[in-house]
Amino acid sequence: MILDELANSARKRIAEQKKRFSLEEMKELAKSNNTNTPFAFEKALRKEGLAFICEVKKASPSKSIITQDFPYLEIAKEYEQGGADCISVLTEPTKFLGRDEYLAEISKQVKSPLLRKDFTVDAYMIYQAKALGASAVLLICALLETDTLKQYIKVCDNLGLSALVEAHDETEIASAVKAGARIIGVNNRNLKDFTVDIQNCVRLKRYIPKDVITIGESGIKTATDIAKIRDAGLDAVLIGETLMRANDKKKELEALKGEL
Ligand SMILES: O=C(O)c1ccccc1NCC(=O)[C@H](O)[C@H](O)COP(=O)(O)O
């Protein structure tokens, strides 16, 4: 399965990176990066009305290359100008063609809280995310047991980072809730067969406690999709491909927000 592939490749990558910076050194680097307000990601999502998380990604396992032209800094700036509440940056290198450097550079040039979009399989990656300038990390229920989720959320809390805990079905939502997630992203994409059902996040919203921030993720293409998600009472949307394929990203975002 693709998730196992991504997780195995993350484990290998981290094992190599630990040879350059030990866990203790990475903790020091994390501690010394104090550019972000604690829990900025969560605070940005607790606004009135639907919040928008816009994603910077060049490729994905389901779509391969999405765009050859990838001026990631300009893209992040355009999102900010278009009114993004938060920005998600892919750092996974093998299938998404992301890089840690994209996140580090973007964090120096935009004020919006940043999500490090990667396949967290080791607490080391959470310290690394903070060192790179992220305000949030992704924790995927399909990859992490409830106890591990709980432990990683605690690491995030101690660093002032937000944890976006991603679920695809009712069982995974129950695990996220039990682990104490304050932000749950419901993925509309089935990562086993890549099918997308935009109704998934709408249907599953009722299993998420009211005080937990709920994000609808993946496959969002139109203002009509967004209206359905807003009407179901979700707090935020995460949009990647639709914006990455738009020539004028600021205009596309404004249109999706219903501002045009
Ligand atoms: O998108 C994929 O192909 C994919 C495959 C395996 C694991 C994760 C994957 N996507 C990550 C995401 O969560 C999306 O990038 C994000 O939700 C935005 O989705 P979209 O708007 O459809 O680009």
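Criteria and thresholds
- Residues numbered from 1 in each chain as written.
- Predicted model: local features only at pLDDT ≥ 70, side-chain atom pairs only at ≥ 80, totals over all residues.
- Helix = DSSP H or I, 4+ residues; strand = E, 2+ residues; numbered from the N terminus.
- Rg over C-alpha atoms; globule rule 2.2 N^0.38 Å.
- Buried ≥ 20, exposed ≤ 12 C-beta atoms within 10 Å, placed from the backbone.
- Contact = placed C-beta atoms within 7 Å.
- Near = placed C-beta within 6 Å.
- UniProt positions renumbered as here; feature names shortened; annotations may be inferred.
- Pairing = 2+ DSSP bridges.
- Axes fitted to C-alpha atoms, helices over the stretch in contact; angles between N-to-C directions.
- Left-handed = near helix turned anticlockwise from the far one by under 90°.
- Nonpolar A, V, L, I, M, F, W, Y, C, P; charged D, E, K, R; others polar.
- Arc of directions from axis to C-beta.
- Right-handed = clockwise from strand over helix to strand, strands pointing away.
- pLDDT = per-residue confidence, 0-100.
- Core = buried A, V, L, I, M, F, W, Y, C linked by C-beta atoms within 7 Å.

(A) Fine view of the overall build of the protein chain. In terms of regular secondary structure, the protein chain is built from 12 helices and 10 strands. Relative to its length of 260 residues, the protein chain is compact, with a C-alpha radius of gyration of 17 Å against a globular reference of 18 Å. Dimensions of the protein chain, computed from the C-alpha atoms along their principal axes, are close to 50 × 40 × 35 Å. Among the 260 residues that make up the protein chain, the fraction classed as buried is 48%. Sequence-distant contacts, at least 24 apart, represent 68% of the contacts inside the protein chain between residues at least 6 apart.

(B) Structural context of the site of the ligand. Close to the ligand lie 19 residues; Ser60, Ser62, Ser218, Gly240 and Glu241 are nearest. Only strand E10 (236–239) and helix H11 (241–244) provide two or more residues apiece to the shell around the ligand.

(C) A look at the UniProt feature "domain: Indole-3-glycerol phosphate synthase" (unreviewed entry) in the protein chain. Mapped onto this structure's residue numbering, the UniProt feature "domain: Indole-3-glycerol phosphate synthase" (unreviewed entry) falls at residues 3–256. Regarding residues 3–256, the helix share stands at 44% and the strand share at 17%, and the terminal C-alpha atoms are separated by 30 Å.

(D) Main features of the sheet that holds E10. Within the closed barrel, the 8 strands sit side by side as E1-E4-E5-E6-E7-E8-E9-E10. Their pairing is parallel. Pairwise comparison of adjacent strand axes, ignoring direction, gives a mean angle of 25 degrees for this sheet. Summarising the sheet, strand E9 (residues 213–217) and E10 pair through 3 bridges and their orientation is parallel. Along E10, the bridge assignment pairs Glu217 with Leu238. Contacting strand E6 (136–140) and strand E7 (162–167), helix H7 (residues 146–159) runs over the sheet at an angle of about 155 degrees to E7. Those strands touched by helix H8 (residues 170–178) are E7 and strand E8 (183–187), and its axis lies near 155 degrees from that of E7.

(E) Main features of the packing of helix H4 (residues 72–81) against helix H12 (residues 249–256). The N-to-C vectors of H4 and H12 enclose an angle of 35 degrees; their axes lie 8 Å apart at closest approach. Considering the relative orientation of H4 and H12, their crossing is right-handed. On the side of H4, the interface is formed by Ile75, Glu78, Tyr79 and Gln81, while H12 contributes Lys249, Lys250 and Leu253. Broken down by class, the residue content of the contact of H4 with H12 amounts to 3 nonpolar, 1 polar and 3 charged.

(F) A look at helix H2 (residues 23–32). Taken as a whole, H2 has its buried residues at Met26, Lys27 and Ala30. Along the axis of H2, the buried residues cluster in a sector spanning 105 degrees; they form a single face. Seen from the buried face of H2, the exposed residues on the opposite side, beyond 90 degrees, are Glu24, Lys31 and Ser32.

(G) The pairing of strand E5 (residues 114–117), seen in detail. Side chains Leu114 and Arg116 project from E5 onto one buried face, and the interleaved Leu115 and Lys117 project onto a second face that is buried too. Pairing between strand E4 (residues 86–90) and E5: 4 bridges, direction parallel. Residue pairing for E5: Ser88 is matched across the bridge by Leu115. Crossover handedness for the path E4 to helix H5 (residues 100–109) to E5: right-handed.

(H) Geometry of the pairing of E8. In terms of residue burial, E8 counts as a mostly covered element, since 5 of its 5 residues are buried. By the alternation rule, side chains of E8 split into Ile183, Gly185 and Asn187 and Ile184 and Val186, which are all buried. As defined by bridge partners, E8 adjoins E9 across 5 bridges and the pair is classed as parallel. Bridge pairing links Ile184 to Thr214 in E9. Handedness of the crossover joining E8 and E9 through helix H9 (residues 199–204) is recorded here as right-handed.

(I) The arrangement of the environment of Phe39 in detail. With respect to the secondary-structure elements, Phe39 resides in the loop between H2 and helix H3 (40–45). Along the backbone, Phe39 and Gly160 are 121 residues apart, and their C-alpha atoms lie at a distance of 5.2 Å. Not counting chain neighbours up to four residues away, the residues in contact with Phe39 comprise Gly160 and Ser162.

(J) Up close: the confidence of the model for the protein chain. Residue-level pLDDT values for the protein chain average 97, and 100% of them are 70 or greater. What the predictor reports for the complex is a pTM of 0.97 with an ipTM of 0.97.

(K) Inspection of the nonpolar core at higher detail. Among the nonpolar cores identified, the biggest contains 80 residues, and Ala163 and Val165 are the most heavily contacted of them. In terms of residues, this core owes the most to one element, helix H6 (residues 124–132), which gives 7 residues. Among residues more than four places away in sequence, those in contact with Val165 are Leu139, Cys141, Leu149, Ala176, Ala179, Ala181, Ile183 and Ile184.

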